[in-house]
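Structural characterization, general
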Amino acid sequence: MLDNKPHPIMARWPAQSPDKIQLYSYPTPNGVKASIMLEETSLPYEPHLVTLSDADVKSPEFLSLNPNNKIPAIIDPNGPDGKPLALFESGAILLYLAEKSGKLLGQSAADKHRITQWLMFQMGGVGPMFGQLGFFYKFAGSEIEDPRPRERYVNEAKRLLNVVNTQLEGKDWIAGDYSIADIALAPWLNALDFYGAKEVVGWDGYANVVAYVDRFMQRPAVQRGKAIPSRA
Ligand SMILES: N[C@@H](CCC(=O)N[C@@H](CS)C(=O)NCC(=O)O)C(=O)O
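Residues numbered from 1 in each chain as written. Predicted model: local features only at pLDDT ≥ 70, side-chain atom pairs only at ≥ 80, totals over all residues.

Considering helix H1 (residues 31–41)
Applicable threshold: Put plainly, a residue is buried at 20 or more neighbouring C-beta atoms within 10 Å of its own, exposed at 12 or fewer, and partly exposed in between, counting only other residues' C-beta atoms, which are placed from the backbone. The helix count covers DSSP runs of H or I at least four residues long, the strand count covers runs of E at least two residues long, and both are numbered beginning at the N terminus. Remark: residues whose backbone-derived C-beta atoms lie within 7 Å of one another are considered to be in contact.
Burial analysis of H1 places 10 of its 11 residues in the buried class, which makes it a mostly covered element. Burial in H1 covers these residues: Gly31, Val32, Lys33, Ala34, Ser35, Ile36, Met37, Leu38, Glu39 and Glu40. On its buried side, H1 packs onto strand S1 (21–25), strand S2 (45–49), strand S3 (73–76), helix H4 (90–101), helix H7 (180–194) and helix H10 (220–225). Phi turns positive one or two residues past the end of H1, at Ser42, with a value near 60°.

In structure tokens form, the structure reads like this:
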């Protein structure tokens, strides 16, 4: 609901519980950031499956919520000042849900900024670069004969893995205590498995990263959230 009127997206994805946070997503590395966060914080929510097909993400109803035609997006009927708030961009959603719940954004102002720093590192670095690696290594770009795009993104992925591996030395989580920075980062590190790119980046050589992703995947909220919305 926005200004007491149903949001236009609800014409296509109706809300059964309009008093709960409405999540529009698909279980990709970006999508599961939102569902894992909602599971970690126990905020009540209702998930809606929006597939990556143009018929869904480019539908007028979805574009009314995210003009950038990408999942995830949310509507909180009870946002700041008790008013509805619609949001897209997974990093913005993580920050919002952390502030709303008072969870996973550290204890002090300095913690918050360090966590935000690693969140931005994922949003501006690991996500876009690994996404391009997936395109040129597994998907349509893998048919391109020129080796330079693949080499560029393989090398950039290795460089980023080295940054993360070094930061994790002697630590369980990327920015101190478990935080939204981990919820942003770990699903993208794990995406190298889906891309079949673990061997080409030398995954097993990044021991701290390997242990980190395993640690993240063992969390019960991660186990639940990574399968939401259900694709069934
Ligand atoms: N920067 C955005 C990226 C979101 C994104 O790339 N979503 C992909 C799935 S992982 C998507 O919806 N793709 C559909 C399309 O581009 O048509 C975020 O973090 O929310």
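On we go.
Structural notes on the environment of Ala207
Mapped onto the secondary structure, Ala207 falls in helix H9 (residues 207–217). Here the alpha-carbon distance between Ala207 and Gln132, two residues 75 residues apart in the chain, equals 24 Å.

A short note on the site of the ligand
Definition in use: A molecule or strand has a residue near it when that residue's C-beta atom, placed from backbone coordinates, lies within 6 Å of it. Residue type decides the class: Asp, Glu, Lys and Arg count as charged, Ala, Val, Leu, Ile, Met, Phe, Trp, Tyr, Cys and Pro as nonpolar, and the leftover types, Gly among them, as polar.
Around the ligand, a shell composed of Thr28, Asn30, Gly31, Leu52, Val57, Asn69, Lys70, Ile71, Glu89, Ser90 and Gly91 is seen. Residue composition of the shell around the ligand, by class: 3 nonpolar, 6 polar and 2 charged.

Here we look at the pairing of S1
Spelled out, the test is: Paired strands, in this sense, are two strands between which DSSP finds at least two bridges. For crossovers, right-handed means that the path from the first strand over the helix to the second runs clockwise, given strands pointing away from the viewer.
Judged by how many residues are buried, S1 sits mostly within the fold: 5 of 5 residues are covered. By the alternation rule, side chains of S1 split into Ile21, Leu23 and Ser25 and Gln22 and Tyr24, which are all buried. Two strands pair when backbone bridges link them, and S1 and S2 are joined in this way by 5 bridges, in the parallel orientation. Directly across from Tyr24, in S2, lies its bridge partner His48. In this view, the connection linking S1 to its parallel neighbour S2 by way of H1 has right-handed handedness. As paired strands, S1 and S3 are joined by 3 bridges and run antiparallel to one another. Its bridge partner being in S3, Leu23 is matched across the sheet by Ile74.

Some details on the packing of H1 against H7
To keep it simple, the criterion reads: In this analysis, axes come from line fits to C-alpha atoms, helices being fitted only over the stretch in contact, and the angle between any two N-to-C directions falls in the range 0 to 180 degrees. In what follows, roughly perpendicular refers to angles from 65 to 115 degrees, roughly parallel to angles under 35, roughly antiparallel to angles over 145, and oblique to any angle outside these ranges. Handedness of a crossing is defined here by the sense of rotation of the near helix relative to the far one, left-handed for an anticlockwise turn of less than a right angle and right-handed for a clockwise turn.
Relative to each other, H1 and H7 sit at 140°, their axes nearing to 9 Å. In terms of their interaxial angle, H1 and H7 are classed as oblique. For the element pair H1 and H7, the recorded crossing hand is right-handed. Touching Val32, Lys33, Ile36 and Met37 of H1 are Ile180, Ile183, Ala184 and Pro187, all from H7. Residue composition of the contact of H1 with H7, by class: 7 nonpolar, no polar and 1 charged.

Details of the UniProt feature "domain: GST N-terminal" (unreviewed entry) in the chain
Inclusion rule: UniProt positions are given in the numbering used here, feature names are shortened, and annotations may be inferred rather than shown by experiment.
On the UniProt side, "domain: GST N-terminal" (unreviewed entry) is annotated at positions that read residues 18–105 here. For residues 18–105, the end-to-end C-alpha separation is 27 Å, with 35% helix and 20% strand making up the annotated structure.

Here we look at the domain arrangement of the chain
Threshold: Residue ranges assigned to the domains are those given by an automatic or database domain assignment.
Domain parsing of the chain yields domain 1 (8–103) and domain 2 (109–219). In this structure, domain 1 and domain 2 have C-alpha centres spaced 24 Å apart. In this assembly, 11 residues from domain 1 lie in contact with 9 residues from domain 2. Listing elements by their share of the side of domain 1 that touches domain 2, those giving two or more residues are H1 and H4. Per-element tally for the side of domain 1 that touches domain 2: the top contributor is H4, with 5 residues. Residues of the side of domain 1 that touches domain 2, tallied by class, amount to 7 nonpolar, 3 polar and 1 charged.

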